[in-house]
Each structure stands twice: as C-alpha cells, then as structure tokens.
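# Coordinate analysis (summary)
What follows is each chain in one-letter form.
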Amino acid sequence: MKIWLDGGLQDVESARVSVFDHGLTVGDGIFETVKATGGRPFALTRHLDRLTRSARGLGLPDPDHDEVRRACETVLAANPMELGRLRITYTGGHGPLGSDRGDRGPTLVVALGETGRRPDSTAVITVPWTRNERGALTGLKTTSYAENVVALARANRHDASEALFANTVGQLCEGTGSNVFVVLDGEIHTPPISSGCLAGITRALTVEWTGARETDLPMDVLERADEIFLTSTLRDVQAVHRVDDRALPGAPGPVTAKAMRIFDERAGEDLDP
C-alpha cells in the first residue's frame, strides 16, 4: 500500500508523521472521505471546496487544490481497487504540545483503503449526547472525532451501524458520519444546516436530485416517519429498517427506493457533479 505524505508517495510501512503533529496532539486538523470507483474519485471538486471551508473555519492555510488532486490521482493509480475509501487529511502540522500552532506549515496525507458496497438498509440508534449547533467547530469536518467514536461504539453494541444526535434544542441533527432524511406523507425532509449538521456532499446532491425539503424536525419524528434513510459518501442513500426498538418493515420503502435509484443514476452519469 502506498500513501501520499507531504509531497510524495511513500510506503505505508515507512511513512511517518511527527508525534508533535498538531493533528495528533490537539486534534487540529480536517479531513475528507471520498468514494473512489474503479480508480476514479466521486464529487472531488465538492469535497475539495468543503476541505477549504473547514480549513478556513479552523484558521489553517487554504489547501492547494492542485496538489491535493495530484496526490489523489497518484494514490489511486498506485493502489488499484474497485471500490475504495480515499481519505484526505490536512492538519496544523508540527507544533508545540499546547494549543498554539507551530510555524512549519500544515501536513497533508492522502491514503486509500478498500471497502465494499453497503447493504440496502441498516439499523440506527439515538444517543443521549447532543450536537452543539453554535460551537466553534459546527459545520467543519475536523479530526476532533472522539465524540463520534464513542457514539458509534454504542451503536455497534446495539447491532446498529449508526448513531443519531439531537442538537441542544432537541431537534434532529445528524449521525456520527451521515446525514438523516425522513419521509412524511410522501415528502422527503432533512434537518437544515442551521441544526448543526455537517453539510454533507451526498446530502446536498440528494436534496438537489430529489427535491427534499430542509425542515426543523423534532427528535420524535423518528417515531412517526413513514420512512427514514441516511446519506454519506460510502452509504450513498441507505434505508433504515430499525431505529432503537422501532422496526420499519419493508425498508427501503417506495420513496427511499426511488431516491436510491435517482442517486445511483445521476452519480453514474457524472463523477464530479
């Protein structure tokens, strides 16, 4: 396996990032996960635009899109696989042990891992912890991910693949690594960005391609929605067949199945929509 680290391709066994890298010591970094099919990335332009928005939100220098694209192309060519998870990580670089940054510049890592197609439906749980819709990191895809690790571990213990959060005012927000949609009376709804959720790439495409509405939703909508589905880079559109103890038999339902079909068709027509 070959990865890109700070300007060139390296063997994964020998590639090293400093133990003083700010991404490690204080979680001062951002990342993107990009789906790669047959060695070609999906929606890379949108991912790079969000990488820049996240960098600006943390006060990091703007990433060089040309360099990141070159890194992605090089890594994909060096590691042929049918379906891959392309991970772009961009951190504050070598720095002191405290919160202040150093002056050596950022670290860029691009790595690729093989993955498989997700099942058409999955189970999710809700968790008692909340997203802070007014926090300094709200809407940024940062490496400060421990809260998601804890919630996802809880989901796995309940035979679920995702955990859903409310925000601080009790509205439905998002999953640990996904956005959530509900179907009410035949209409698709998803929480707005103001809820504190990440502006997911797959979320945005799903809204554009299906006409879904951005709506403030109470958490109890999960108890009465006709259908529920998740979106993310590697899930695409994935139906939910269980929320906590509530079963949704027949998932994917007709509206979700149509959304899945639309997404597959549109994504197949344009790899960089």
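Here is what the cut-offs are and how they apply
Residues numbered from 1 in each chain as written. Predicted model: local features only at pLDDT ≥ 70, side-chain atom pairs only at ≥ 80, totals over all residues. Heavy atoms only, no water. Helix = DSSP H or I, 4+ residues; strand = E, 2+ residues; numbered from the N terminus. Rg over C-alpha atoms; globule rule 2.2 N^0.38 Å. Buried < 20%, exposed > 50% of the residue type's maximum accessible area, 1.4 Å probe, protein only. Patch = residues over 30% accessible without salt bridge, like charges linked within 9 Å, V, L, I, M, F, W, Y side chains within 5 Å. Areas by Shrake-Rupley, 256 points an atom, 1.4 Å probe, with all protein chains shown as cover. Salt bridge = Lys/Arg side-chain N within 4 Å of Asp/Glu carboxyl O. Lys, Arg positive; Asp, Glu negative; His and termini not counted. Charge placed at Lys NZ, Arg CZ, Asp CG, Glu CD. Pairing = 2+ DSSP bridges. Phe/Tyr/Trp six-rings, centres within 6.5 Å; stacked < 30°, edge-to-face > 60°. Axes fitted to C-alpha atoms, helices over the stretch in contact; angles between N-to-C directions. Parallel < 35°, antiparallel > 145°, perpendicular 65-115°, else oblique. Left-handed = near helix turned anticlockwise from the far one by under 90°. Contact = heavy atoms within 4.5 Å.

Of the regular secondary structure elements, the chain holds six helices and 15 strands. Relative to the compact-globule value of 19 Å for 273 residues, the chain shows a C-alpha radius of gyration of 19 Å, a close match. Dimensions of the chain, computed from C-alpha atoms along their principal axes, come out at roughly 55 × 40 × 30 Å. With 273 residues in all, the chain has 48% of them scored as buried.

With that settled, the discussion passes to unusual backbone geometry. The linkage connecting A251 with the following residue, P252, adopts the cis geometry, with an omega of 5°. Structurally, P252 is set in the loop between strand 15 (246-247) and helix 6 (254-269). At D6, a residue that is not glycine, the phi angle is positive and equals roughly 45°. Note that D6 resides in the loop between strand 1 (2-5) and strand 2 (8-11). Non-glycine residue D185 carries a positive phi angle of around 50°.

Together, D264, E265, E269, D270 and D272 give the surface a local cluster of negative charge. You can see D270 is positioned in the segment after helix 6.

Burial analysis of strand 14 (residues 236-243) places six of its eight residues in the buried class, which makes it a mostly covered element. Note that strand 7 (residues 121-131) and strand 14 share four bridges and pair parallel. Paired with T122 across the two strands is V240, which belongs to strand 14. The sheet contact formed by strand 13 (residues 227-232) and strand 14 spans four bridges and is antiparallel. Bridging from a neighbouring strand, L230 pairs with Q238 of strand 14. Linking two consecutive strands that pair antiparallel, namely strand 13 and strand 14, is a turn of three residues. The pairing of strand 14 with strand 15 spans two bridges and is antiparallel.

Scanning the model with the defined rule gives 13 salt bridges in all. The partner of D236 in a salt bridge is K35, with the nearest N and O atoms 2.9 Å apart. On the criterion of sequence distance, the pair formed by D236 in strand 14 and K35 in strand 3 (residues 29-37) is long-range, its members being 201 residues apart. Look at K35 and you get buried, because its relative accessible area is 12%. Salt-bridge contacts for R118 lead to D120; the nearest nitrogen and oxygen are separated by 3.2 Å. A relative accessible area of 40% means that D120 is categorised as partly exposed. A cluster of three or more residues bridged by salt bridges with shared partners is formed by R117, R118 and D120.

Checked against the element boundaries, G135 lands in the loop between strand 7 and helix 4 (146-157). Judged by its relative accessible area of 25%, G135 is partly exposed. Residues G135 and G196, 61 residues apart in the sequence, show an inter-C-alpha distance of 8.5 Å.

This part takes up the packing of aromatic side chains. As enumerated under the stated definition, the model contains four aromatic pairs in all. Each ring, one from F42 and one from F263, has its centre 6.2 Å from the other, and the planes form 65°; the classification is edge-to-face. Remark: F263 occurs in helix 6 and F42 occurs in the loop between strand 4 (40-41) and helix 2 (44-58); sequence separation between them is 221 residues. No difference in accessibility class separates F42 from F263, as the two residues are buried.

The interhelical angle for the contact between helix 2 and helix 3 (residues 65-78), taken along N-to-C directions, is 130°, at an axis separation of 11 Å. Classed by the angle they form, the pair helix 2 and helix 3 counts as oblique. The two elements helix 2 and helix 3 cross, and the hand of that crossing is right-handed. Where helix 2 abuts helix 3, its residues L44, T45, L48, D49 and T52 lie against H65, V68, R69 and C72.

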